[in-house]
Amino acid sequence: MNQANLIILVLFYSRHGATRKLAELIAQGIESVPGCDARLRTVPAVSTVAEATEADVPAEGAPYVEQEDLQECAGIAVGSPTRFGNMAAAMKYFWDGTATQWLSGALAGKPACVFTSTGSLHGGQESTLLSMMIPLFHHGLMVLGLPYTNPELMTTASGGTPYGASHWAGLDGKKSFTDDEKKLAIALGRRLAETAVKLRAPQ
Ligand SMILES: Cc1cc2nc3c(=O)[nH]c(=O)nc-3n(C[C@H](O)[C@H](O)[C@H](O)COP(=O)(O)O)c2cc1C
């Protein structure tokens, strides 16, 4: 990793791996932009049992996000599985704990985008993507979607929306990623990184 490179945070929650795979495609798009490194981070699960706590370090996969990740990143992609048409509680809980960053404006002016995975095709991808944007606007992040110059948006019969990247995982969560879903996720990561580079350029 080049120390001078821009860090783009890919922050996701994933219970069964579909949103994690989408995060990896977004990271691939980010790393296709010279001078940009993707940093994959996750958030701990939450429990209905108030006393339960997660281990300090996840058993496998991306580390938990820390304050420095938010400070150091030049842009952020946020992903969650759809839960009843909205982001998972674990991701919402994470944002509920970011009052310090909100007060200091730590994220203000950085570019951002969102992604999700669902069990059913019309089970709330767009409502999840749009509602995931709300805390990002409060933080002053500059939220990006995907333009229809990506031709797959016109024809996709699976995931992929102008509001962000998405995957239709199927009821058993085993559907493969379609070419359209892959291309649109990579395009979104690339667009996020290109925007971060432009925003960091000397004025
Ligand atoms: C509590 C719960 C609520 C869910 N709500 C929805 C929903 O509203 N619409 C939908 O299509 N899928 C829904 N799902 C399915 C997940 O969104 C889907 O399995 C997703 O791909 C999981 O992502 P992951 O593999 O990253 O955990 C729900 C799953 C759970 C456990």
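Parameters and conventions
- Residues numbered from 1 in each chain as written.
- Predicted model: local features only at pLDDT ≥ 70, side-chain atom pairs only at ≥ 80, totals over all residues.
- Heavy atoms only, no water.
- Helix = DSSP H or I, 4+ residues; strand = E, 2+ residues; numbered from the N terminus.
- Rg over C-alpha atoms; globule rule 2.2 N^0.38 Å.
- Buried < 20%, exposed > 50% of the residue type's maximum accessible area, 1.4 Å probe, protein only.
- Near = heavy atom within 4 Å.
- Polar contact = N/O pair within 3.5 Å; in protein donor to acceptor, adjacent residues only side chain to side chain.
- Areas by Shrake-Rupley, 256 points an atom, 1.4 Å probe, with all protein chains shown as cover.
- Phe/Tyr/Trp six-rings, centres within 6.5 Å; stacked < 30°, edge-to-face > 60°.
- Lys NZ or Arg CZ within 6 Å of the ring centre and 35° of its normal.
- Pairing = 2+ DSSP bridges.
- UniProt positions renumbered as here; feature names shortened; annotations may be inferred.

Chemist: Describe the overall build of the chain, and please don't skip the residues or the numbers.
Modeler: Of regular secondary structure, the chain possesses seven helices and seven strands. Secondary structure of the chain in N-to-C order comes out as β-α-β-α-β-β-α-α-β-α-β-α-β-α. Rg of the C-alpha trace for the chain: 16 Å, near the compact-globule value of 17 Å for 203 residues, within the 12% margin. Seen along its three principal axes, the alpha-carbon backbone of the chain occupies a region of about 50 × 45 × 30 Å. Each of the 203 residues in the chain was classed as buried or not, and the buried ones make up 51%.

Chemist: A description of the site of the ligand should follow, citing residues and the corresponding values.
Modeler: Residues in contact with the ligand amount to 17 residues; listed here are only the nearest, Ser-14, Thr-19, Thr-82, Ser-117 and Gly-123. Phe-84 places a polar main-chain atom, nitrogen or oxygen, 2.8 Å from a nitrogen atom of the ligand. A distance of 2.7 Å is found between an oxygen atom of the ligand and a side-chain nitrogen or oxygen belonging to Ser-117. Considered on its own, the ligand offers 650 Å² of accessible surface; in the complex 75% of this is hidden by protein. Elements represented by at least two residues in the shell around the ligand include exactly α1 (18-31), β3 (75-83) and β5 (111-118). By residue number, the principal contributor to the shell around the ligand is β3, which donates three residues.

Chemist: Residue-level account of the packing of aromatic side chains, with values.
Modeler: Summed over the entire model, instances satisfying the criterion amount to one aromatic pair. Ring centres 5.1 Å apart and planes at 70° place the aromatic pair Phe-94 and Trp-95 in the edge-to-face group. Neither residue differs from the other here; Phe-94 and Trp-95 are each classed as buried. The ring of Trp-168 has Lys-175 sitting right over it, with the charged end atom 4.0 Å from the ring centre.

Chemist: Would you mind going over the pairing of β3 in detail, with residue names and values included?
Modeler: Within β3, eight of the nine residues are buried, which leaves it mostly tucked inside the rest of the structure. Of the strand pairs in this sheet, strand β1 (residues 6-12) and β3 are connected by five bridges, and their pairing is parallel. If you follow Val-10 over to β3, its bridge partner there is Ala-77. One ladder, built from six bridges, connects β3 with β5; its direction is parallel. Within the sheet, the bridge partner assigned to Ile-76 lies in β5 and is Ala-112. Linking β3 to strand β4 (residues 86-87), which pair antiparallel, is a turn of two residues; within it Phe-84 sits at a positive phi near 50°.

Chemist: So what's going on with the UniProt feature "domain: Flavodoxin-like" (unreviewed entry) in the chain? Residues and values would help.
Modeler: Those residues carrying the UniProt feature "domain: Flavodoxin-like" (unreviewed entry) are residues 8-193 in this numbering. End-to-end, the C-alpha atoms of residues 8-193 are 7 Å apart, and along that stretch the chain is 36% helix and 20% strand.

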